[in-house]
Amino acid sequence: MKKKWIGICLAAAGCMVLLTACRDDAGRGPKDSGEVKTVSWNTPMEKDGRILLRLANNQKPDHPASEACDYFAQLVRERTDNRIQIQVYHSSVLGNEAETVKEVEYGSIDMARVSIALLTSYNQELLALQMPYLYKDEAHMWRVLNSGLGDKYLESMEEKGIEGLCWYGAGARNFYTSSREIRSPADLKDMRIRVQESSFMMDVIGTMGAIPVDMPYEDVREALKNGGIDGAENNFPSYASAGHYHEAPYMIMDEHVRIPEMVIMNRHVLEQLSQKDQDTIRQAAYESSLRQRELWTEYEREQWKVLEKAGVRILYPEDKTGFREMVRPVYDMYGQPYEDILSEIRQMGGPEA
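About the cut-offs
- Numbers given to residues run from 1 along each chain, matching the order in which its sequence is written.
- Local features in this predicted model are restricted to residues of pLDDT 70 or higher, and side-chain atom pairs are both shown and tallied only at a pLDDT of 80 or more, whereas totals for entire chains, interfaces and linings draw on every residue.
- Note that water and hydrogens are dropped before the side-chain values are worked out from all heavy atoms of the structure.
- A run of DSSP states H or I qualifies as a helix once it reaches four residues; a run of E qualifies as a strand once it reaches two. Both are numbered from the N-terminal end.
- Between buried and exposed lies partly exposed: a residue is buried under 20% and exposed over 50% of the maximum accessible area for its type, with that area taken using a 1.4 Å probe on protein chains only.
- Two strands form a pair only when DSSP identifies at least two bridges running between them.
- Here an angle of 0 to 180 degrees is reported between the N-to-C directions of two axes, which are lines fitted to C-alpha atoms, with helices fitted over the stretch in contact.
- In this description, one arc is meant: the one made by directions from the helix axis to the C-beta atoms.
- Space inside and on the surface of the protein is sampled on a 1 Å grid over the protein atoms alone, with a cavity defined as a set of points where a 1.4 Å probe fits but cannot get out and a pocket as an open set with protein on both sides within 12 Å along at least 5 of 7 lines; lining residues have an atom within 4 Å of a point.
- Grid points are joined across faces, edges and corners, and a volume is the space filled by probe spheres set on the points.
- Charged residues are taken to be Asp, Glu, Lys and Arg, nonpolar residues to be Ala, Val, Leu, Ile, Met, Phe, Trp, Tyr, Cys and Pro, and polar residues to be all remaining types, Gly included.
- Note that patches include only residues with greater than 30% relative accessible area and no salt bridge, and the join distances are 9 Å for like charges and 5 Å for nonpolar side chains (Val, Leu, Ile, Met, Phe, Trp, Tyr).
- Working definition of accessibility: Shrake-Rupley area with a 1.4 Å probe, residue cover restricted to the visible protein chains.
- Salt bridge criterion: a side-chain nitrogen from Lys or Arg within 4 Å of a carboxyl oxygen from Asp or Glu.
- Counting rule for charge: Lys and Arg are taken as positive, Asp and Glu as negative, and neither His nor the chain ends is counted.
- Each charge is placed at NZ for Lys, CZ for Arg, CG for Asp and CD for Glu.
- Only buried Ala, Val, Leu, Ile, Met, Phe, Trp, Tyr and Cys residues count toward a nonpolar core, and they belong to the same one when joined by side-chain atoms within 4.5 Å.
- Residues are treated as being in contact if the distance between any of their heavy atoms lies within 4.5 Å.

Draft legend 1. Broad picture of unusual backbone geometry. Even without a glycine there, the phi angle at Asn-82 is positive, about 70 degrees. On the secondary structure map, Asn-82 appears in the loop between α2 (64–79) and β3 (84–89). Phi angles above zero are rare outside glycine, and Ser-92 is one such case at about 60 degrees. Among the structural elements, Ser-92 can be located in the loop between β3 and α3 (97–106). Given the relative accessible area of 17%, Ser-92 is considered buried.

The following block contains the structure:
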(Lines give C-alpha, C1' and ligand atoms only; values in the text may rest on other atoms or scores of the structure.)
Protein backbone atom coordinates (compact mmCIF):
# COMPACT_ATOMS: atom_id res chain seq x y z
CA MET A 1 0.00 0.00 0.00
CA LYS A 2 2.86 2.40 0.86
CA LYS A 3 4.55 1.82 -2.50
CA LYS A 4 1.26 2.33 -4.29
CA TRP A 5 0.70 5.66 -2.50
CA ILE A 6 4.21 6.86 -3.37
CA GLY A 7 3.55 5.97 -6.98
CA ILE A 8 0.35 8.01 -6.97
CA CYS A 9 2.18 11.01 -5.47
CA LEU A 10 4.95 10.79 -8.06
CA ALA A 11 2.50 10.52 -10.90
CA ALA A 12 0.56 13.53 -9.69
CA ALA A 13 3.74 15.55 -9.28
CA GLY A 14 4.86 14.52 -12.76
CA CYS A 15 1.62 15.85 -14.18
CA MET A 16 2.30 19.12 -12.42
CA VAL A 17 5.63 19.39 -14.29
CA LEU A 18 3.82 19.24 -17.62
CA LEU A 19 1.06 21.62 -16.55
CA THR A 20 3.53 24.13 -15.17
CA ALA A 21 5.64 24.02 -18.30
CA CYS A 22 2.71 25.00 -20.51
CA ARG A 23 1.07 27.54 -18.23
CA ASP A 24 0.75 31.28 -18.94
CA ASP A 25 -0.57 33.31 -16.00
CA ALA A 26 -0.82 37.00 -16.75
CA GLY A 27 2.89 37.49 -17.33
CA ARG A 28 3.93 35.38 -14.34
CA GLY A 29 5.11 32.36 -16.28
CA PRO A 30 6.15 31.08 -19.70
CA LYS A 31 4.61 33.03 -22.55
CA ASP A 32 5.46 30.84 -25.55
CA SER A 33 4.37 27.31 -26.30
CA GLY A 34 7.45 25.80 -27.91
CA GLU A 35 8.49 22.27 -27.20
CA VAL A 36 9.76 21.66 -23.68
CA LYS A 37 11.96 18.65 -23.02
CA THR A 38 12.38 16.90 -19.68
CA VAL A 39 15.09 14.26 -19.54
CA SER A 40 14.25 12.43 -16.33
CA TRP A 41 12.70 12.89 -12.91
CA ASN A 42 14.11 15.90 -11.03
CA THR A 43 15.86 17.14 -14.16
CA PRO A 44 15.80 20.82 -15.19
CA MET A 45 13.47 21.57 -18.09
CA GLU A 46 15.23 22.40 -21.33
CA LYS A 47 13.76 24.50 -24.12
CA ASP A 48 15.54 25.83 -27.21
CA GLY A 49 18.89 25.24 -25.52
CA ARG A 50 17.84 27.08 -22.36
CA ILE A 51 17.34 25.71 -18.86
CA LEU A 52 14.00 26.75 -17.38
CA LEU A 53 13.54 26.74 -13.61
CA ARG A 54 10.22 27.53 -11.89
CA LEU A 55 10.03 29.48 -8.63
CA ALA A 56 6.76 29.57 -6.65
CA ASN A 57 5.84 32.53 -4.44
CA ASN A 58 2.53 33.18 -2.67
CA GLN A 59 2.85 36.97 -2.41
CA LYS A 60 1.51 39.55 -4.87
CA PRO A 61 3.92 40.82 -7.53
CA ASP A 62 4.59 44.14 -5.76
CA HIS A 63 5.52 42.55 -2.40
CA PRO A 64 9.19 42.86 -1.31
CA ALA A 65 9.63 39.08 -1.35
CA SER A 66 8.21 38.97 -4.88
CA GLU A 67 10.41 41.79 -6.13
CA ALA A 68 13.42 40.09 -4.55
CA CYS A 69 12.52 36.82 -6.31
CA ASP A 70 12.30 38.72 -9.59
CA TYR A 71 15.70 40.28 -8.88
CA PHE A 72 17.13 36.82 -8.22
CA ALA A 73 15.79 35.63 -11.58
CA GLN A 74 17.17 38.71 -13.32
CA LEU A 75 20.68 38.18 -11.91
CA VAL A 76 20.76 34.53 -12.96
CA ARG A 77 19.51 35.37 -16.45
CA GLU A 78 22.08 38.13 -16.92
CA ARG A 79 25.01 36.12 -15.54
CA THR A 80 24.28 33.11 -17.75
CA ASP A 81 23.52 35.12 -20.90
CA ASN A 82 19.89 33.99 -20.82
CA ARG A 83 20.93 30.32 -20.77
CA ILE A 84 19.30 29.73 -17.36
CA GLN A 85 15.93 31.38 -16.88
CA ILE A 86 14.03 31.35 -13.60
CA GLN A 87 10.33 31.87 -14.20
CA VAL A 88 8.73 33.33 -11.08
CA TYR A 89 5.07 32.56 -10.38
CA HIS A 90 3.56 35.01 -7.87
CA SER A 91 0.21 35.12 -6.09
CA SER A 92 0.05 31.38 -5.30
CA VAL A 93 -0.35 30.47 -8.98
CA LEU A 94 1.41 27.15 -8.30
CA GLY A 95 -0.37 26.51 -5.00
CA ASN A 96 -0.27 27.76 -1.43
CA GLU A 97 2.98 27.68 0.55
CA ALA A 98 2.43 24.25 2.09
CA GLU A 99 1.69 22.77 -1.33
CA THR A 100 4.73 24.34 -2.98
CA VAL A 101 7.08 22.94 -0.34
CA LYS A 102 5.89 19.45 -1.27
CA GLU A 103 6.17 20.25 -4.97
CA VAL A 104 9.80 21.30 -4.51
CA GLU A 105 10.46 18.09 -2.59
CA TYR A 106 8.93 15.98 -5.36
CA GLY A 107 10.58 18.01 -8.11
CA SER A 108 7.36 19.13 -9.80
CA ILE A 109 8.63 22.69 -9.37
CA ASP A 110 12.24 23.70 -8.84
CA MET A 111 12.17 26.48 -6.23
CA ALA A 112 9.87 28.22 -3.78
CA ARG A 113 9.95 31.15 -1.38
CA VAL A 114 8.42 29.91 1.87
CA SER A 115 8.22 30.54 5.59
CA ILE A 116 10.44 28.20 7.60
CA ALA A 117 7.37 27.41 9.72
CA LEU A 118 6.51 25.01 6.90
CA LEU A 119 9.95 23.37 6.81
CA THR A 120 10.18 21.89 10.29
CA SER A 121 9.09 18.45 9.08
CA TYR A 122 12.34 18.41 7.09
CA ASN A 123 14.46 19.61 10.00
CA GLN A 124 12.92 19.91 13.45
CA GLU A 125 15.80 22.12 14.62
CA LEU A 126 14.38 24.99 12.58
CA LEU A 127 12.00 25.45 15.50
CA ALA A 128 14.91 27.01 17.38
CA LEU A 129 14.81 30.00 15.02
CA GLN A 130 11.08 30.54 15.64
CA MET A 131 10.77 30.44 19.41
CA PRO A 132 8.48 33.15 20.82
CA TYR A 133 9.96 36.40 22.17
CA LEU A 134 13.47 35.12 21.38
CA TYR A 135 14.88 37.97 19.31
CA LYS A 136 15.50 41.43 20.69
CA ASP A 137 14.81 43.06 17.31
CA GLU A 138 15.26 42.56 13.57
CA ALA A 139 18.99 43.31 13.68
CA HIS A 140 19.41 40.52 16.24
CA MET A 141 17.62 38.06 13.95
CA TRP A 142 19.83 38.96 11.00
CA ARG A 143 22.99 38.52 13.07
CA VAL A 144 21.81 34.97 13.69
CA LEU A 145 20.81 34.23 10.09
CA ASN A 146 24.07 35.63 8.66
CA SER A 147 26.19 33.60 11.08
CA GLY A 148 27.56 30.11 10.71
CA LEU A 149 24.45 28.92 12.51
CA GLY A 150 22.28 30.40 9.76
CA ASP A 151 24.43 28.77 7.07
CA LYS A 152 24.09 25.44 8.85
CA TYR A 153 20.30 25.62 8.65
CA LEU A 154 20.32 26.53 4.95
CA GLU A 155 22.17 23.26 4.37
CA SER A 156 20.24 21.21 6.91
CA MET A 157 17.62 19.73 4.57
CA GLU A 158 19.96 18.48 1.85
CA GLU A 159 19.47 14.84 2.83
CA LYS A 160 15.75 15.38 2.23
CA GLY A 161 16.46 16.69 -1.27
CA ILE A 162 16.03 20.40 -0.47
CA GLU A 163 18.66 23.14 -0.31
CA GLY A 164 18.10 26.52 1.28
CA LEU A 165 19.57 29.10 -1.08
CA CYS A 166 19.14 32.21 1.06
CA TRP A 167 17.19 33.90 3.84
CA TYR A 168 14.44 36.49 3.48
CA GLY A 169 12.98 38.46 6.37
CA ALA A 170 9.30 38.71 7.21
CA GLY A 171 9.15 41.16 10.09
CA ALA A 172 7.69 40.48 13.52
CA ARG A 173 4.29 38.85 13.95
CA ASN A 174 1.60 40.65 15.97
CA PHE A 175 -2.02 39.97 16.88
CA TYR A 176 -4.93 41.76 15.22
CA THR A 177 -8.58 41.27 16.02
CA SER A 178 -12.02 42.26 14.81
CA SER A 179 -14.07 42.79 17.98
CA ARG A 180 -11.88 43.95 20.85
CA GLU A 181 -8.42 45.18 21.75
CA ILE A 182 -5.73 42.85 23.06
CA ARG A 183 -3.92 44.49 25.98
CA SER A 184 -2.72 41.39 27.82
CA PRO A 185 -2.61 37.62 27.32
CA ALA A 186 -5.89 37.38 29.25
CA ASP A 187 -7.65 39.21 26.41
CA LEU A 188 -6.72 36.41 24.01
CA LYS A 189 -8.65 33.77 25.93
CA ASP A 190 -10.98 31.75 23.70
CA MET A 191 -10.48 34.03 20.70
CA ARG A 192 -10.25 32.13 17.41
CA ILE A 193 -6.93 33.26 15.95
CA ARG A 194 -5.68 32.21 12.53
CA VAL A 195 -2.15 30.81 12.49
CA GLN A 196 0.13 29.45 9.81
CA GLU A 197 -0.31 25.81 8.86
CA SER A 198 2.14 24.67 11.53
CA SER A 199 1.54 22.55 14.64
CA PHE A 200 4.24 24.56 16.42
CA MET A 201 2.46 27.87 15.82
CA MET A 202 -0.81 26.31 16.91
CA ASP A 203 0.83 25.37 20.21
CA VAL A 204 2.34 28.84 20.64
CA ILE A 205 -1.00 30.57 20.19
CA GLY A 206 -2.90 27.92 22.16
CA THR A 207 -0.53 28.32 25.10
CA MET A 208 -1.40 32.01 25.16
CA GLY A 209 -5.07 31.15 25.70
CA ALA A 210 -6.44 31.61 22.20
CA ILE A 211 -8.02 28.96 19.99
CA PRO A 212 -5.64 28.49 17.04
CA VAL A 213 -7.17 28.01 13.60
CA ASP A 214 -4.75 26.99 10.86
CA MET A 215 -5.67 28.08 7.36
CA PRO A 216 -3.93 29.30 4.20
CA TYR A 217 -3.02 32.98 4.18
CA GLU A 218 -5.19 33.51 1.12
CA ASP A 219 -8.34 32.60 3.09
CA VAL A 220 -7.84 34.91 6.08
CA ARG A 221 -9.70 38.01 4.93
CA GLU A 222 -12.85 36.10 4.01
CA ALA A 223 -12.76 34.28 7.36
CA LEU A 224 -12.51 37.63 9.16
CA LYS A 225 -15.47 38.91 7.14
CA ASN A 226 -17.76 35.97 7.85
CA GLY A 227 -16.79 35.54 11.50
CA GLY A 228 -15.01 32.25 10.99
CA ILE A 229 -12.15 33.68 13.03
CA ASP A 230 -11.88 36.53 15.54
CA GLY A 231 -8.43 37.61 14.49
CA ALA A 232 -5.07 36.57 13.16
CA GLU A 233 -1.38 37.20 13.67
CA ASN A 234 1.11 38.48 11.13
CA ASN A 235 3.60 41.24 10.46
CA PHE A 236 2.01 44.67 10.17
CA PRO A 237 2.91 45.27 6.46
CA SER A 238 1.04 42.10 5.48
CA TYR A 239 -1.84 43.13 7.73
CA ALA A 240 -1.99 46.43 5.84
CA SER A 241 -1.36 45.28 2.27
CA ALA A 242 -3.88 42.41 2.49
CA GLY A 243 -6.53 44.84 3.76
CA HIS A 244 -7.14 42.81 6.91
CA TYR A 245 -7.39 46.03 8.92
CA HIS A 246 -10.80 46.67 7.33
CA GLU A 247 -12.23 43.65 9.14
CA ALA A 248 -9.85 43.60 12.12
CA PRO A 249 -9.04 47.18 13.17
CA TYR A 250 -7.25 46.37 16.45
CA MET A 251 -3.56 45.44 16.53
CA ILE A 252 -1.10 44.96 19.37
CA MET A 253 2.58 45.18 18.48
CA ASP A 254 3.70 42.41 20.80
CA GLU A 255 6.15 40.93 18.24
CA HIS A 256 5.65 37.41 19.61
CA VAL A 257 7.66 35.67 16.90
CA ARG A 258 9.97 36.45 14.02
CA ILE A 259 9.82 33.67 11.47
CA PRO A 260 12.41 33.96 8.69
CA GLU A 261 11.75 32.78 5.16
CA MET A 262 13.88 30.76 2.77
CA VAL A 263 14.20 30.44 -0.95
CA ILE A 264 14.50 26.67 -1.34
CA MET A 265 15.47 24.55 -4.33
CA ASN A 266 15.19 20.89 -5.24
CA ARG A 267 18.67 19.57 -4.52
CA HIS A 268 18.64 16.99 -7.30
CA VAL A 269 17.81 19.61 -9.92
CA LEU A 270 20.57 21.88 -8.64
CA GLU A 271 23.18 19.10 -8.70
CA GLN A 272 22.54 18.39 -12.37
CA LEU A 273 23.81 21.85 -13.26
CA SER A 274 27.50 22.57 -13.67
CA GLN A 275 29.41 23.71 -10.59
CA LYS A 276 29.75 27.16 -12.14
CA ASP A 277 25.98 27.40 -12.66
CA GLN A 278 25.32 26.19 -9.11
CA ASP A 279 27.65 28.89 -7.76
CA THR A 280 25.93 31.49 -9.92
CA ILE A 281 22.50 30.55 -8.55
CA ARG A 282 23.68 30.55 -4.93
CA GLN A 283 25.42 33.92 -5.27
CA ALA A 284 22.43 35.50 -7.03
CA ALA A 285 20.14 34.17 -4.30
CA TYR A 286 22.36 35.71 -1.62
CA GLU A 287 22.33 39.08 -3.38
CA SER A 288 18.55 38.89 -3.67
CA SER A 289 18.45 38.41 0.10
CA LEU A 290 20.30 41.71 0.58
CA ARG A 291 17.90 43.35 -1.83
CA GLN A 292 14.89 41.92 -0.01
CA ARG A 293 16.02 43.48 3.27
CA GLU A 294 16.20 46.91 1.62
CA LEU A 295 12.81 46.47 -0.01
CA TRP A 296 11.26 45.28 3.26
CA THR A 297 12.43 48.37 5.13
CA GLU A 298 10.84 50.63 2.54
CA TYR A 299 7.73 48.48 2.44
CA GLU A 300 7.27 48.86 6.20
CA ARG A 301 7.40 52.65 5.85
CA GLU A 302 4.79 52.62 3.08
CA GLN A 303 2.39 50.25 4.83
CA TRP A 304 2.68 52.13 8.10
CA LYS A 305 1.34 55.19 6.31
CA VAL A 306 -1.63 53.11 5.11
CA LEU A 307 -2.47 52.10 8.67
CA GLU A 308 -2.09 55.65 9.99
CA LYS A 309 -4.39 56.99 7.28
CA ALA A 310 -6.98 54.28 8.01
CA GLY A 311 -6.99 55.16 11.71
CA VAL A 312 -6.21 51.64 12.85
CA ARG A 313 -5.99 51.28 16.64
CA ILE A 314 -2.43 50.10 17.34
CA LEU A 315 -1.28 49.33 20.88
CA TYR A 316 2.28 48.98 22.16
CA PRO A 317 2.67 46.84 25.29
CA GLU A 318 4.88 48.63 27.81
CA ASP A 319 5.90 45.35 29.39
CA LYS A 320 5.93 41.98 27.62
CA THR A 321 6.69 40.00 30.76
CA GLY A 322 3.17 38.60 30.97
CA PHE A 323 3.31 37.43 27.36
CA ARG A 324 6.72 35.82 27.88
CA GLU A 325 5.49 34.01 30.96
CA MET A 326 2.56 32.59 29.02
CA VAL A 327 4.79 30.96 26.41
CA ARG A 328 7.19 29.25 28.83
CA PRO A 329 5.40 25.90 28.24
CA VAL A 330 6.39 26.21 24.57
CA TYR A 331 10.04 26.22 25.63
CA ASP A 332 9.35 23.17 27.78
CA MET A 333 7.66 21.36 24.88
CA TYR A 334 9.98 22.37 22.05
CA GLY A 335 13.04 24.20 23.31
CA GLN A 336 14.75 21.73 25.65
CA PRO A 337 16.53 19.70 22.91
CA TYR A 338 17.88 22.96 21.45
CA GLU A 339 18.93 24.78 24.62
CA ASP A 340 22.54 25.09 23.40
CA ILE A 341 21.32 26.64 20.16
CA LEU A 342 18.94 28.97 21.96
CA SER A 343 21.74 30.04 24.26
CA GLU A 344 23.92 30.80 21.25
CA ILE A 345 21.12 32.85 19.72
CA ARG A 346 20.58 34.81 22.93
CA GLN A 347 24.30 35.58 23.14
CA MET A 348 24.02 37.31 19.78
CA GLY A 349 21.89 40.00 21.38
CA GLY A 350 18.52 38.65 22.51
CA PRO A 351 16.63 38.71 25.81
CA GLU A 352 16.23 35.76 28.09
CA ALA A 353 13.15 33.76 27.11
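Draft legend 2. Broad picture of the sheet that holds strand β9 (residues 231–234). Within the open sheet, the six strands sit side by side as β8-β7-β9-β6-β10-β12. Their pairing is mixed. Where the open sheet ends on each side, the last strands, each with one partner, are β8 (211–214) and β12 (313–315). Across the sheet, the mean angle separating the axes of adjacent strands is 35 degrees when strand polarity is ignored.

Draft legend 3. Molecular detail of helix α6 (residues 199–207). Here α6 has its buried residues at Phe-200, Met-201, Val-204, Ile-205 and Thr-207. Along the axis of α6, the buried positions cluster into a sector of 165 degrees, meaning they face one direction only. Gly-209 sits one or two positions beyond α6 and adopts a positive phi of about 100 degrees.

Draft legend 4. Local environment of empty space enclosed by the protein. In the structure shown here, the tally under the stated rule is three cavities of 30 Å³ or more. Every residue lining the largest cavity is counted, 23 residues in all, and those nearest its centre are Asn-58, Glu-97, Arg-173, Gln-196 and Tyr-217. Classifying every residue of the lining of the largest cavity gives seven nonpolar, nine polar and seven charged.

Draft legend 5. How the structure looks around the pairing of strand β5 (residues 162–168). Within β5, seven of the seven residues are buried, which leaves it mostly tucked inside the rest of the structure. Direction of pairing for β5 relative to strand β11 (residues 261–266): antiparallel, over a ladder of six bridges. By the bridge assignment, Gly-164 is partnered in β11 with Ile-264.

Draft legend 6. Focus on a negative patch on the surface. Together, Glu-99, Glu-197, Asp-214, Glu-218, Asp-219 and Glu-222 line one region of the surface with negative charge. Examined against the element boundaries, Glu-99 turns out to sit in helix α3.

Draft legend 7. Fine view of the nonpolar core. Residues Leu-119, Leu-129, Trp-167, Met-262 and Ile-264 are the most contacted members of the largest nonpolar core, which totals 59 residues. Other than its neighbours up to four places away in sequence, Leu-119 contacts Val-101, Val-114, Leu-126, Met-157, Met-262 and Ile-264. In terms of nonpolar packing, the next biggest core, distinct from the first, is built from 26 residues, Leu-53, Tyr-168, Val-263 and Ala-285 among them.

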